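Now for the letters of each chain:
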Amino acid sequence: MSNKTLLAIDVGSTSITAVIAKNNLDGKINILGTGTSKSEGINKGSITNIEVASKAIKNAVNIARGSTSEVIDSSVISISGAYTKGLRSLGSVNVPNGLITETEINQVMQMALYNATIIPEYEVVHVLPIFFKVDDSKDVENPLNMNGSRLEVSVYIVTAKRTALTNVKSALKQAGIELTNFVLDGYASAISLLDEQQNKFGATVINIGGTTTEFVSYKGSSIVFNGFIPVGSNHITNDLSVMLHTPPNAAETLKIKYGNLLKSNENEDLTIKKVKIPRIGDEQSTSEVSLDHIQTIIHARVEEILVLVRNKLRQSGIQENIGAGIVITGGMSQLSGIKELATKVFENTPIKISNPINIKNGYMNFDDPTLSTTVGLLFYGLDDNRAYELDSNKKLMKRAIKKEELTIPPIQKEEPVIKEEKLKEKINETLEKEDNTKLPTLSKKDKGRGMSRFWSKVSEWF
């Protein structure tokens, strides 16, 4: 189990969240500090002002560091899908000893990366295995310790523009942060939301943020498609401001307070039919606007976002393979009626509005759709039981060996069967009398005496 201290930074379109955490003795994530700051110097997922963005990131990290004195061992930061491209590739290697180890898994994934046609100005962020193949056995999830003569893999590769990644590195460097890994925003969200069944049968996660909409499709515990749309909930605010001639802050209030995608006749208890709003340029005077008109504007923008996602999924051929349905998260997922609208747009595909796994701590509540990426980053950096992949440094992320997988082969002795059974009976009787839940601590001089005492006792029985 990894016990390193991790700094996770989610660079969102409206806010930057920094979390410092490590695994405790039980293997659960222990939050040591959190910090948030307003997202500045960033537009639609891309850094537009390194100096300003650096200050915003540094501010969030400093707030998180104020709660702990732990030395940070590694850091992960989310990157937007705005400047990423996905592609597939294949790789194959021979297994010289007939037993597949992590060495062969690393080699075959590196071969798949080598075989891929990557655009020169792009860098690798993730290499994720869709499935392995051992000889004639297809769709092998984990080939480790399997016997075979040939290992093949199909991978999905996420690449990002080198200039965009360099800008992020520069912003972090100015903030005094040494980066370990980049993580795709949508990938992190999926890690925090999807369960094993959804991964297996295929699901798409749509994270609708302030100015961006990120989505990834899973199949067989791997990404098979990722996409990005430069539209988010802030565009609803802008639409209301422009069409109702009201200041942006008033438009934001309208969106939060009266945003509803359900028809008015479905809410019979709604007594308010009109609301007064200030006029832009002359905030002293007000005008009345019907709620139906406000909700029509909101409905049009949300429907547009969902239709754009649907069209991209159709073009990729993914939509027909979403057996477990669509999971919607992010700030806009809290909008009343979005599940019903999404069900119509995606033609009765199962829709789920989901929050990330809530990591219990004394700093913040993670049961919040706006923190899906943040929680995913923590699991990416600290969960030892994840699938194989090549990270942004092109290094293999290994599975941890569980305690139950560590078995000691029995010592074979040519003893008579009857004598062996009597020995087992004697040992079981002794163990039943003793509390064997805790092992005694041996001193250095006693370490070599344990077995001799054991066999001496056995010889006394016989």
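What counts and what doesn't
- Residues numbered from 1 in each chain as written.
- Predicted model: local features only at pLDDT ≥ 70, side-chain atom pairs only at ≥ 80, totals over all residues.
- Heavy atoms only, no water.
- UniProt positions renumbered as here; feature names shortened; annotations may be inferred.
- Helix = DSSP H or I, 4+ residues; strand = E, 2+ residues; numbered from the N terminus.
- Contact = heavy atoms within 4.5 Å.
- Phe/Tyr/Trp six-rings, centres within 6.5 Å; stacked < 30°, edge-to-face > 60°.
- Buried < 20%, exposed > 50% of the residue type's maximum accessible area, 1.4 Å probe, protein only.
- Core = buried A, V, L, I, M, F, W, Y, C linked by side-chain atoms within 4.5 Å.
- Pairing = 2+ DSSP bridges.
- Axes fitted to C-alpha atoms, helices over the stretch in contact; angles between N-to-C directions.
- Parallel < 35°, antiparallel > 145°, perpendicular 65-115°, else oblique.
- Nonpolar A, V, L, I, M, F, W, Y, C, P; charged D, E, K, R; others polar.

Under an unreviewed UniProt entry, the name given to the chain is Cell division protein FtsA, and the source organism is Malaciobacter marinus. According to UniProt, the comment filed for the chain under the heading Subunit (unreviewed entry) is "Self-interacts. Interacts with FtsZ." Comment text from UniProt for the chain, heading Sequence similarities (unreviewed entry), reads "Belongs to the FtsA/MreB family."

Topologically, Lys22 is positioned in strand β2 (residues 15-23). What Lys22 contacts, discounting residues up to four positions off in sequence, is Asn3, Lys4, Thr5, Lys28, Ile29, Asn30, Leu32, Glu70 and Leu382.

For the coordinates displayed, the defined rule picks out 2 aromatic pairs. Between Tyr187 and Tyr380 the ring centres are 6.1 Å apart and the planes differ by 80 degrees, which places this aromatic pair in the edge-to-face class. In this pair, Tyr187 sits in helix α4 (residues 185-193) while Tyr380 sits in helix α10 (residues 372-382), placing the two residues 193 residues apart along the sequence. For the pair Tyr187 and Tyr380, one class covers both residues: buried. Both rings, one in Phe215 and one in Phe225, keep their centres 6.2 Å apart while their planes meet at 45 degrees; by these two values the pair is tilted. Placement of Phe215 in strand β13 (residues 213-218) and of Phe225 in strand β14 (residues 223-229) is noted, with a sequence separation of 10 residues between them. According to the relative accessible area criterion, Phe215 is buried, its value standing at 0%. With a relative accessible area of 19%, Phe225 lands in the buried category.

Ranked by internal contacts, the top residues of the largest apolar core, which has 102 residues, are Ile9, Val302, Phe346 and Leu378. A total of 9 residues in this core trace back to one element, the largest contributor, which is helix α8 (residues 291-316). If you look at the next biggest cluster of nonpolar residues, it comprises 22 residues, including Ile105, Ala112, Phe132 and Val153.

For the rest of this paragraph, the subject is the sheet that holds strand β3 (residues 29-38). Pairing within the open sheet is mixed, and its 5 strands lie in the order β3-β2-β1-β6-β11. Every interior strand has two partners, whereas the edge strands, β3 and β11 (181-184), have only one. Direction aside, neighbouring strands of the sheet carry axes that sit 20 degrees apart on average. Relative to β3, β2 runs antiparallel, the two sharing 9 bridges. Paired with Ala18 across the strands is Gly35, a residue of β3. Those strands touched by α10 are β1 (6-11), β2, β3, β6 (74-79) and β11, and its axis lies near 150 degrees from that of β1.

Our next topic: the packing of α4 against α10. Contact geometry of α4 with α10 gives a least axis separation of 7 Å together with a crossing angle of 80 degrees. On the basis of their axis angle, the class for α4 and α10 is roughly perpendicular. Note on element contacts: α10 touches α4 through Ser372, Thr373, Val375, Gly376, Leu377, Phe379 and Tyr380, opposite Asp185, Tyr187, Ala188, Ser189, Ile191, Ser192 and Leu193. Here the residues of the contact of α4 with α10 are counted per class, giving 8 nonpolar, 5 polar and 1 charged.

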